[in-house]
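Here's the letter readout for the chains.
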Amino acid sequence: MTETEETRKEPEGMVYPCRFRVKAMGLDEDDFDALVVQIIRRHCPDISEGAVSLKPSKNGKYVSVTVDIEAQSREHLDAIYDDLTAHDRVLMRL
């Protein structure tokens, strides 16, 4: 039996839909967290208030924004990460 394209691209254990944490990092400016939520909300309109957490860097220059979402598929996650990567204020995403 040969692997299908679907089984090759999904890591073992990922079953969709599933809860997933998307993280983006950038300069700690007043509205960076709102920007990240706005980008992710294009793909996940039902983000609740408790789904977002912030963690400033040690020196306070950067901030990490984590958003808990319901990922529908690998393509869904790829679209979110593509939009985050495309924005010049997002320095890194995980």
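Residues numbered from 1 in each chain as written. Predicted model: local features only at pLDDT ≥ 70, side-chain atom pairs only at ≥ 80, totals over all residues. Heavy atoms only, no water.

**Description of helix α2 (residues 32-41)**
Reasoning step 1: Of all the positions in α2, only F32, L35, V36, V37, I39 and I40 are classed as buried.
Reasoning step 2: Against the buried residues of α2 lie β1 (18-27), β2 (52-56), β3 (62-71) and α3 (74-86). (Buried < 20%, exposed > 50% of the residue type's maximum accessible area, 1.4 Å probe, protein only. Helix = DSSP H or I, 4+ residues; strand = E, 2+ residues; numbered from the N terminus. Contact = heavy atoms within 4.5 Å.)

**Considerations on unusual backbone geometry**
Reasoning step 1: Between Y16 and P17 the backbone carries a cis peptide bond, its omega angle lying at -5°.
Reasoning step 2: Summarising the element assignment, P17 is placed in the loop between α1 (5-9) and β1.

**Description of the pairing of β1**
Reasoning step 1: Pairing between β1 and β3: ten bridges, direction antiparallel. Following the sheet pairing, G26 is matched in β3 by V63.
Reasoning step 2: The sheet contact formed by β1 and strand β4 (residues 92-93) spans two bridges and is antiparallel. The residue of β4 that forms the bridge with A24 is R93. (Pairing = 2+ DSSP bridges.)

**So, the environment of S64**
Reasoning step 1: Assignment of secondary structure puts S64 in strand β3.
Reasoning step 2: What makes S64 buried here is its relative accessible area of 10%.
Reasoning step 3: A sequence separation of 39 residues divides S64 from M25, and the C-alpha atoms of the two residues are 4.4 Å apart.
Reasoning step 4: Beyond its immediate sequence surroundings of up to four residues, S64 is in contact with K23, A24, M25, S53, L54 and K55.

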